[in-house]
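A look at the structure
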Amino acid sequence: MSSGKIVLKEFQLDQEPGSPVTSKKKKNKDKSPEEKYAGCKIEIINMDDRDLEIDFIGFHISLVNAYRRIVLAEVATMAIEKVYMYNNTSIVQDEVLAHRLGLVPLKVDPRFFEFRNKDETEWGAQDSVKYELKVKCSKKPGAAPDETDPDNLYVNRKVLSSSLKWVPLGNQTDIFQEANMQPLHQDILLAKMNSGHEIILEVYAVKGIGSDHAKFQPGLSWYRLLPEIELTREVEGEQAVLLQKCFSPGVIEINPTPEGKKVAKVVDARNDACSRNVFQYDSIKDSVKLTRKPDHVIFYIESHSALKSFEILEESLNIMIGKCDTLLTEIDKYTDTEAEK
């Protein structure tokens, strides 16, 4: 594959000749799929339940962007959709409280539920999860007469997401454990109340996707091209210190030489944010060449739902496979129809 790169200059971006973006299509036109992707590879840099960092090397950036779009728009989660407000004497308006409830992430695994039919009038165990919230604020018994802090003066001063209590529907108790049906975070502030205030409501969570509403997005997803930093000359002394400050921490290191000089060295260009701050200084802006590799994409997923970061990627892959299968099926139908003519 060509090694063309994107060059970051002070006021513009330039493309080196032979970039994969400009020439790959022509070179790959007559190659088999095995030949096209022979040099491609995927490297997992970091992976845990919440965060995933993965490198797509040799793949076209449009494929990586397709996964990003699917993560944000088509991977399903559970979120609160309907709120039945029976009493709310707090200062938070009903619609504001309902909106906050809708944005509370849930631990509920969406893969065990079906999408709810819009014409459905009943809340079923197969497509809905019910919660209730009943909180009343009152003066704390035994509070000091001179106490002025409302958090110490009142009971249930703060209404948190932990106040949402799961109410099983149908046979849900046979399938789910209560610990797996709670809000993902127990300390999300929903409202503040004073003595005598009360909130009583019921909510229903359903399965949905991000293209319907952002509350259904399973997490965040973004990507960037691999940065590269090349020193075009030796940078030493005060210039080396200045150069180090122009980049993200850990990118540039200052090493002493046997002659007692302090010389700048690139140690981790990957962590550079590509701010181009170096071009502000005439004394050092000619000392570096900043580039990005268009065929090396760093892809990130940050989960804020019941799905783990790698499960979100797995779901997006399955959705992409389904789209490809649908396309191939339609092509086969068209080909068969044309052959019969």
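Now for a look at the structure at hand. (Residues numbered from 1 in each chain as written. Predicted model: local features only at pLDDT ≥ 70, side-chain atom pairs only at ≥ 80, totals over all residues. Heavy atoms only, no water.)

Next up on the list: the packing of aromatic side chains. Ring pairs (aromatic) are described by centroid distance and by the angle formed between their planes. Under the criterion given, the structure shown has eight aromatic pairs. Note on tryptophan 123 and tyrosine 204: the rings are 4.3 Å apart at their centroids and 10° apart in plane angle, and the pair reads as stacked. With tryptophan 123 in the loop between helix 4 (94–102) and strand 6 (129–136) and tyrosine 204 in strand 12 (residues 198–208), this pair connects stretches of sequence that are 81 residues apart. Here a set of aromatic residues connected by ring pairs shows up, and it is made of Phe56, Phe59, Tyr67 and Phe299. Its guanidinium or amino end placed over the ring of tryptophan 123, arginine 116 lies 3.9 Å from that ring's centre, counting from NZ or CZ. (Phe/Tyr/Trp six-rings, centres within 6.5 Å; stacked < 30°, edge-to-face > 60°. Helix = DSSP H or I, 4+ residues; strand = E, 2+ residues; numbered from the N terminus. Lys NZ or Arg CZ within 6 Å of the ring centre and 35° of its normal.)

A separate point is the packing of helix 3 (residues 61–73) against helix 8 (residues 309–340). Axis separation between helix 3 and helix 8 bottoms out at 9 Å; the angle between their running directions is 110°. One way to sum up the angle between helix 3 and helix 8 is to call them roughly perpendicular. Seen from helix 3, the contacting residues are Leu63, Ala66, Tyr67, Ile70 and Val71; seen from helix 8, they are Ile312, Ser316, Leu317, Ile319, Met320 and Lys323. Considering only residue class, the contact of helix 3 with helix 8 consists of nine nonpolar, one polar and one charged. (Axes fitted to C-alpha atoms, helices over the stretch in contact; angles between N-to-C directions. Parallel < 35°, antiparallel > 145°, perpendicular 65-115°, else oblique. Contact = heavy atoms within 4.5 Å. Nonpolar A, V, L, I, M, F, W, Y, C, P; charged D, E, K, R; others polar.)

Here we take up the environment of leucine 153. With respect to the helices and strands, the residue leucine 153 is situated in helix 5 (residues 150–153). By relative accessible area, which is 14% here, leucine 153 ends up buried. Residues contacting leucine 153, with those up to four places away along its chain left out, are Lys139, Lys140, Ala143 and Glu147. (Buried < 20%, exposed > 50% of the residue type's maximum accessible area, 1.4 Å probe, protein only.)

Here we come to the pairing of strand 12. Most of strand 12 sits out of view: nine of its 11 residues are buried. As paired strands, strand 5 (residues 77–88) and strand 12 are joined by 10 bridges and run antiparallel to one another. If you follow methionine 78 over to strand 12, its bridge partner there is lysine 207. Relative to strand 12, strand 6 runs antiparallel, the two sharing eight bridges. Counted as the bridge partner of tyrosine 131 is valine 203 from strand 12. (Pairing = 2+ DSSP bridges.)

Nothing here speaks to function; it is all geometry.
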